[in-house]
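These are the residues of each chain, in order.
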Amino acid sequence: MFDQAPPVPPALSAPAPAAAEPGQNAVPPDLKAVIDAAIAAGDEAVVDRLFGYARTAQPDAAAALDALQAAHAAQREAVRLAAAQADQQRRAAAGPLDNWTGKIEFGASRATGPVSSLGLVASIDAERAGVNWTHRLSARAEVQDAEGVNAVERIIASWQPRRTIDKRGYLFGLGLYERDPGLGYEQRVTTGAGAGWALNRGDRLKVALEGGPALRVTDTGTAVRERLAGRGSLDLDWTINPRLDFSQRASIYYEQGTSSGVLTSALNSKVSERLNLRLSYEYRIEEDRERAISASGTVSRASIVYRLQ
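Since the structure is predicted, the reported quantities are computational estimates derived from the model, not experimental observations.

All right, on to empty space enclosed by the protein then. Per the counting criterion, the structure on display carries one cavity of 30 Å³ or more. As for the largest cavity, its lining consists of 13 residues, of which Arg188, Arg225, Glu286, Asp288 and Arg291 are closest to the centre. Of all the secondary structure elements, the ones that give two or more residues to the lining of the largest cavity are strand E6 (185-198) and strand E11 (275-288). Top element by residues in the lining of the largest cavity is E11. It accounts for three residues.

See the structure below:
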C-alpha cells in the first residue's frame, strides 16, 4: 500500500520590495549589501536580528526595510512550500523498501541490580516516513558478564506503525518482544494500540505523549500468563546546540497484580554527519505482587552510533 500525497498549494512568488513611501528613505546600498549577504548565508536568526538592528540605525528607512523583510519572508515561504511539495511527491512514489532511514549502535555497558556486571550492546533502529504513515522498527541485544557468568541476556524488538491524523495527533499500533530472565521473565510479547499527541515547542524541543490498551503474554519459565494492560509513554527530544542533543524515553505498563516500566536518558554528541558518541542511562523495574517479585536494574552505556542515511 502506497501513500497518496494530498494536493499542495503551488509555491508563491516573492514580491518585489515596495518603493519607499514619501518622506521615507530607501535602504542605504551598503546596509542592503550586508542584509543580502546574511540572507545568502541562510541563517534566519541572524537575518531577523539584522533587520532589527537596521531599523534602529536607520529609522528613516523603516518602511523600506519592512518591505524588504516582507519580500524575503514571502520568498522563504515559497521555498518551503516547494520543498514540502517535492518531499510529499517523493514519499508517495516510493516503494515499500524505499525511504528508510536508520542508525546502528555498538557500545559497552555497566549494570547494577540483582547483579552487577559489564557487557556489550548492539542495536539497530529504522524508520520509514510516508505521507500519512510512519513505520518504526528497532531491535536491541545485550549481554553482560559477572565474574565469568552470563549474568544478563536482554533482547528487545519492536514495531510501531503510526497513522497521522493532523499536525499533532496520530494513532499507533505496537508489537513488542522482550527477553530478560534477570528481571523475572523468559519472554514477553506485547501487542497494543492507542493515540499519541505531539507537544512541540519549536524546532529544538519536541515532546510526545502516548497512551492506550495492550495485551501482554508473559512466560515466566514456570507459567504463561495472558492479561490486558494499560500503557503510557513520554518521548522528549531536546537539541541543545547543533552538535549536542538530549533524549528522554519513558514507558509504563500496568496490569492486574503487575506493573513494569523503563526510563532511558541519552546524551548524543555529534562527531560527523553520520557518527555520534552516546552516553545513556536506563532504569527498568518489574513489580509482580502475585509472585512476590520486585526487581529493578540500571544500565549505563557508552556507545558509538552510526547513521545509515
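Attention shifts here to the pattern of salt bridges. In this structure the tally under the stated criterion is 24 salt bridges. With a closest N to O distance of 3.1 Å, Asp288 and Arg225 form a salt bridge. With a gap of 63 residues between them, Asp288 in strand E11 and Arg225 in strand E8 (residues 224-241) connect regions that are remote in the sequence. Residue Asp288 shares its accessibility class with Arg225, and that shared class is buried. Salt-bridge contacts for Glu282 lead to Arg284; the nearest nitrogen and oxygen are separated by 3.0 Å. For the pair Glu282 and Arg284, one class covers both residues: buried. The network of salt bridges with common partners includes Glu142, Arg154, Glu178, Asp180, Arg188, Arg216, Glu255, Glu282, Arg284, Glu286 and Arg301.

For the rest of this paragraph, the subject is the side chain of Glu178. Examined against the element boundaries, Glu178 turns out to sit in strand E5 (residues 169-180). The buried category is assigned to Glu178, whose relative accessible area is 6%. The contacts of Glu178, once residues within four sequence positions are left out, are Ile155, Tyr185, Glu186, Gln187, Arg188, Thr190, Arg216 and Arg284.

A grouping of Ile124, Tyr306 and Leu308 is seen on the molecular surface, where their side chains present a nonpolar patch of about 250 Å² in accessible area. Note that Tyr306 resides in strand E12 (residues 293-307). Residue classification places Tyr306 among the partly exposed residues on the basis of a relative accessible area of 38%.

Reading the values: rules and limits
Residues numbered from 1 in each chain as written. Predicted model: local features only at pLDDT ≥ 70, side-chain atom pairs only at ≥ 80, totals over all residues. Heavy atoms only, no water. 1 Å grid on protein atoms, 1.4 Å probe; cavity = no way out; pocket = protein on both sides within 12 Å on 5 of 7 lines; lining within 4 Å. Points joined across faces, edges and corners; volume = space filled by probe spheres on them. Helix = DSSP H or I, 4+ residues; strand = E, 2+ residues; numbered from the N terminus. Salt bridge = Lys/Arg side-chain N within 4 Å of Asp/Glu carboxyl O. Buried < 20%, exposed > 50% of the residue type's maximum accessible area, 1.4 Å probe, protein only. Contact = heavy atoms within 4.5 Å. Patch = residues over 30% accessible without salt bridge, like charges linked within 9 Å, V, L, I, M, F, W, Y side chains within 5 Å. Areas by Shrake-Rupley, 256 points an atom, 1.4 Å probe, with all protein chains shown as cover.

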